[in-house]
Amino acid sequence: MKKIFGILIGCTFLFSVSSVGAQQAGKAIVERECGKCHGLSKVTKANKDDAAWEKTLDRMIKKGANVAPGEKDAALKYLRTLNR
Ligand code: HEC
């Protein structure tokens, strides 16, 4: 029983650490790319839900934001923390 608890707590810990890690990586990507053409405040003040962020990110990539396919998930994770 103790062992199972340990494994559960370990998994929860790892999961939350990797999720926070992706969010921080995403923040770095957004800060690198999304303040190039307009201020970052355009991003932080936007009022979007999850689906809208995905659309916006794709739109900005088409315009010229240099977000690699492998960076999109992390960037979205961070952008979604800005949801209201
Ligand atoms: C190549 C230039 C460029 C880059 C890089 C760029 N944007 Fe934009 N963005 C624009 C322009 C131009 C507009 C205003 C016209 C429009 O909305 O299409 C805009 C508007 C916006 C808006 C307000 C309009 C809306 O759809 O809500 C948001 C939010 C936004 N950008 C987010 C981002 C994010 C997030 C990134 C980084 C992934 C980013 N932008 C990178 C050019 C850029």
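Structure's up top.
The rules we used
Residues numbered from 1 in each chain as written. Predicted model: local features only at pLDDT ≥ 70, side-chain atom pairs only at ≥ 80, totals over all residues. Axes fitted to C-alpha atoms, helices over the stretch in contact; angles between N-to-C directions. Helix = DSSP H or I, 4+ residues; strand = E, 2+ residues; numbered from the N terminus. Parallel < 35°, antiparallel > 145°, perpendicular 65-115°, else oblique. Left-handed = near helix turned anticlockwise from the far one by under 90°. Contact = placed C-beta atoms within 7 Å. Nonpolar A, V, L, I, M, F, W, Y, C, P; charged D, E, K, R; others polar. Buried ≥ 20, exposed ≤ 12 C-beta atoms within 10 Å, placed from the backbone.

1. What about the packing of helix 3 (residues 50–63) against helix 4 (residues 72–80)?
Next, step 1: Running from N to C, helix 3 and helix 4 point in directions that differ by 130 degrees, and their axes come no closer than 10 Å. By the angle between their axes, helix 3 is oblique relative to helix 4. Along this stretch, helix 3 crosses helix 4, giving a crossing that reads as right-handed. On helix 4, the residues that touch Asp 50, Trp 53, Glu 54 and Leu 57 of helix 3 are Lys 72, Ala 75, Leu 76, Leu 79 and Arg 80.
Next, step 2: Taken together, the residues of the contact of helix 3 with helix 4 break down into five nonpolar, no polar and four charged.

2. Examining the environment of Leu 76
Next, step 1: Topologically, Leu 76 is positioned in helix 4.
Next, step 2: Residue class for Leu 76 comes out buried when judged on the 20 C-beta atoms lying within 10 Å of it.
Next, step 3: Note: C-alpha distance between Leu 76 and Val 30 (46 residues apart in sequence) is 9.1 Å.
Next, step 4: Those residues in contact with Leu 76, other than ones at most four positions away along the chain, are Trp 53, Glu 54 and Leu 57.

3. Considerations on the environment of Ala 25
Next, step 1: You can see Ala 25 is positioned in helix 1 (residues 2–33).
Next, step 2: The class for Ala 25 is partly exposed, based on 16 C-beta atoms found within 10 Å.
Next, step 3: Spatially, the C-alpha atoms of Ala 25 and Tyr 78 are 8.1 Å apart, while their sequence positions differ by 53 residues.

Scope: geometric values only; no functional claims are made or implied.
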